[in-house]
Amino acid sequence: MNDWNKYLGRVDSFCSLAEKERETLLLAAREKRLEKGRSLFSSPESEEVIIILDGAAKSFYAGGLEKKPLLDFHKSGEVLGEESALLSGPRDVEALAMGKARALCFPADEVRAMMDAQPRFGRTMSALCVSRARACRARLYSMTADPVPVRVAGALYALARKFGERGKTGTMIALAVTHRDVADYVGASREATSSVISIFRKNGLITGGARRIIIPDMNALKRASERNAADDRG
């Protein structure tokens, strides 16, 4: 419990709470250990707020579509299910572990009560929802306006920023993402995505193995992800 409290104190969305307030939330929390491909949520109907303790996850829109659009990749310390604390009802987001993982699960009504009691915490959780909505809108626009190479470069750059580990040969994306993962994230076919990644390797924008991508020059990859640069090349 004490270790969890210290951990919560380092999570952006929870660090505004005092130690006793975090203790109150933790009384209702439970730890969940997951294998690859397992859901972080207890059930499709559960109203929970999740913090990833260890490992990584990917989230999907689960609103009745046969093909589940990939929303984002998440690392330890990130919060999922925050919308359940703001709006009760069916949850339309699913999250699956991308390897062995641990998560801390809070009943949404307990988090909601703390948001009512601590307005600063409530604003922080609301801001998390807004920032994710903005990010989704930006990606939706990119899917309609940007060519596949720009979208793939942007996805790899974002992954390197979030999961990157610096080394002698560049920044390695310390997450085993597949070409299918990247394709689903940018809204392109796997074949088109694989073709772009092959071109990036040929041009030296990325190196490394199939699921351990290394970016030798982050600035070069960032330039490849910029819409205006693509327009200039066209």
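See above for the structure.
Criteria and thresholds
- Just so you know, the residues in each chain are numbered from 1, in the order the chain's sequence is written.
- Selection of residues for local features in this predicted model requires a pLDDT of at least 70, selection of side-chain atom pairs for listing and counting requires 80 or more, and totals for whole chains, interfaces and linings are taken over all residues.
- Excluding hydrogens and water, the side-chain values take into account all heavy atoms of the structure.
- The helix and strand labels rest on DSSP assignments: H or I over at least four residues marks a helix, E over at least two residues marks a strand, and numbering proceeds from the N terminus.
- The span expected for a helix works out to 1.5 Å for each residue beyond the first.
- Throughout, exposure labels follow a simple rule: accessible area from a 1.4 Å probe, protein chains only, divided by the maximum for the residue type, with under 20% read as buried, over 50% as exposed, and the rest as partly exposed.
- A pair of strands is considered paired only if DSSP assigns at least 2 bridges between the two.
- We define a salt bridge as a side-chain nitrogen of Lys or Arg found within 4 Å of a carboxyl oxygen belonging to Asp or Glu.
- We place a 1 Å grid over just the protein atoms. Points where a 1.4 Å probe fits but has no way out form a cavity, open points with protein on both sides within 12 Å along at least 5 of 7 lines form a pocket, and any residue with an atom within 4 Å of a point lines it.
- Grid points are joined across faces, edges and corners, and a volume is the space filled by probe spheres set on the points.

Participant: Explanation requested: helix α6 (residues 148–163) in the structure shown.
Facilitator: At 3.6 residues per turn, the α-helix brings residues three or four places apart onto the same side. Across its 16 residues, α6 extends 22 Å between first and last C-alpha, which sits within 8% of the 22 Å expected from 1.5 Å per residue. Among the residues making up α6, those that are buried are Val148, Val150, Arg151, Val152, Ala153, Ala155, Leu156, Tyr157, Leu159, Ala160 and Phe163.

Participant: How do you make sense of the pairing of strand β7 (residues 101–107) when you look at a structure like this?
Facilitator: Two faces, one strand: in a regular strand the side chains alternate between the faces of the sheet. In terms of residue burial, β7 counts as a mostly covered element, since 5 of its 7 residues are buried. Relative to β7, strand β1 (residues 30–34) runs antiparallel, the two sharing 5 bridges. Paired with Leu34 across the two strands is Ala101, which belongs to β7. Note: strand β2 (residues 48–54) against β7, 6 bridges, orientation antiparallel. Across the sheet, the residue bridging to Asp54 is Arg102, located in β7.

Participant: What is the right way to read the pattern of salt bridges from this model?
Facilitator: Oppositely charged side chains may form a pair once their charged atoms are brought near each other. One pass over the full model with this rule turns up 14 salt bridges. Notably, a salt bridge pairs Arg102 with Glu31, separated by 2.9 Å at the nearest N-O pair. With Arg102 in strand β7 and Glu31 in strand β1, this residue pair connects regions lying 71 residues apart in the sequence. For Glu31, a relative accessible area of 27% translates into the label partly exposed. For Glu78, the salt bridge goes to Lys162, with nearest N and O atoms at 3.0 Å. Remark: Lys162 occurs in helix α6 and Glu78 occurs in the loop between β4 (70–74) and β5 (79–80); sequence separation between them is 84 residues. On the basis of relative accessible area, Glu78 is assigned to the buried category, the value being 14%. Through salt bridges that share partners, Asp72, Glu78, Glu82, Arg132 and Lys162 make up one connected network.

Participant: Explain the layout of surface pockets here, please?
Facilitator: It is a probe the size of a water molecule, rolled over the atoms, that shows where empty space is left. Considering only enclosed or pocket space, the largest pocket measures out at about 810 Å³ in volume. Taken together, 34 residues line the largest pocket, and the ones lying closest to its centre are Asp72, His74, Glu78, Leu128 and Arg132. Secondary-structure elements contributing two or more residues to the lining of the largest pocket are β3 (57–61), β4, β5 and α5 (119–145). In terms of residue count, the dominant contributor to the lining of the largest pocket is α5 (11 residues). Its boundaries defined by the atoms lining it, the second largest pocket holds a volume of some 360 Å³. The wall of the second largest pocket is formed by 16 residues, among which Arg139, Gly154, Ala155, Ala158 and Tyr185 lie closest to the centre. Secondary structure elements with two or more residues in the lining of the second largest pocket: β4, α5, α6 and α7 (179–186). Here the lining of the second largest pocket gets 7 residues from one element, more than from any other, and that element is α6.

Taken by themselves, the reported measurements are silent on function.
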